[in-house]
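# Chains, contacts and geometry: an overview
Listed below are the residues making up each chain.
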Amino acid sequence: MHYWLLKSEPDAFSIDDLVAAPKQSTCWDGVRNYQVRNFMRDQMQVNDQAFFYHSSCAQPGIAGVVTISRAAYPDPTQFDRKHDHYDAASKCDDPRWLMIDVKLQRKFKRIITLDELRRHQEQELKQLLILKRGNRLSITPVEASEWRFIINLE
DNA sequence: GCCAACGTTGGC
DNA sequence: GCCAACGTTGGC
């Protein structure tokens, strides 16, 4: 059992979009980074839990919790010529890019803001990758102890 | 295999 | 819109 943090730009897909989605579930497509793909392929398991983080927006922060509802499988957008994430070099019989499915567990009553997380950066959240300089990965692992600490901030 | 150029991310 | 950080690309 692992814990994760998934970034999403709310302009593209927000926690409220997930609340409103059929079965409150969505596929997490569009990952085009090898490190992130490998996290999905090698470590993510069904029933893992993840924070749903809003990035590139007025109030960046954690908006809720989702569960991984389907393990890694090929991302069909890589084969769609018209899609932004089309990858001409990926072969159907050897797909380069994977995705997972996630399901809403709970929308937080409030956003746990990046600002608030930063206030604990020197203590409880030393390891939290989202707080490290230059981190751009759209999926990052979260330590169990840090997961519990953040859950209790709500 | 090196590394400069370029593209993307994401907070501010 | 700016810019720091980082990943990828491609010439050599």
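Rules and cut-offs
Residues numbered from 1 in each chain as written. Chains lettered and ligands numbered in written order. Predicted model: local features only at pLDDT ≥ 70, side-chain atom pairs only at ≥ 80, totals over all residues. Heavy atoms only, no water. Phe/Tyr/Trp six-rings, centres within 6.5 Å; stacked < 30°, edge-to-face > 60°. Helix = DSSP H or I, 4+ residues; strand = E, 2+ residues; numbered from the N terminus. Buried < 20%, exposed > 50% of the residue type's maximum accessible area, 1.4 Å probe, protein only. Contact = heavy atoms within 4.5 Å. Polar contact = N/O pair within 3.5 Å; in protein donor to acceptor, adjacent residues only side chain to side chain. 1 Å grid on protein atoms, 1.4 Å probe; cavity = no way out; pocket = protein on both sides within 12 Å on 5 of 7 lines; lining within 4 Å. Points joined across faces, edges and corners; volume = space filled by probe spheres on them. Nonpolar A, V, L, I, M, F, W, Y, C, P; charged D, E, K, R; others polar.

### Some words on the packing of aromatic side chains
Counting across every chain of the model gives six aromatic pairs. An angle of 50° between the planes, with centres 6.4 Å apart, marks the rings of Phe13 and Phe52 as tilted. Here Phe13 is found in the loop between strand E1 (3-8) and helix H1 (15-20), whereas its partner Phe52 is found in strand E3 (residues 49-54), with 39 residues between them in sequence. Of the residues examined, Phe13 reaches a relative accessible area of 23% and is grouped as partly exposed. For Phe52, a relative accessible area of 0% translates into the label buried. With 5.8 Å between their ring centres and 90° between their planes, Trp28 and Phe52 make a pair best called edge-to-face. Of the two residues, Trp28 sits in the loop between strand E2 (25-27) and helix H2 (34-42) while Phe52 sits in strand E3, which places them 24 residues apart along the sequence. Note on accessibility: Trp28 and Phe52 belong to one class, buried.

### Digging into the environment of Asp75
As for its position among the elements, Asp75 is in the loop between strand E4 (61-74) and strand E5 (98-113). The buried category is assigned to Asp75, whose relative accessible area is 0%. Once the C-alpha coordinates of Asp75 and Gly30 are considered, the two residues, 45 residues apart in sequence, prove to be 7.4 Å apart. Apart from the residues within four sequence positions on either side, Asp75 is in contact with Asp29, Gly30, Val31, Arg32, Trp97, Leu98 and Met99. Among the polar contacts listed, one links the side chain of Asp75 to the backbone nitrogen of Gly30, at a separation of 2.8 Å. At 2.7 Å, the side chain of Asp75 and the side chain of Thr77 are in polar contact.

### Notes on the layout of surface pockets
Once rolled over the atoms, a probe with the size of a water molecule shows which space is left empty. A volume near 530 Å³ is recorded for the largest pocket. Lining the largest pocket are 18 residues, with Lys7, Ser8, Glu9, Trp28 and Asp29 sitting closest to its centre. For the lining of the largest pocket, the elements supplying multiple residues, two or more each, are E1 and E2. For the lining of the largest pocket, a count of residues per class yields five nonpolar, eight polar and five charged. Taken as a whole, the second largest pocket encloses approximately 180 Å³ of empty space. Considering the residues around the second largest pocket, the lining is formed by 13 residues, among which Tyr3, Pro141, Val142, Glu143 and Ala144 are closest to the centre.

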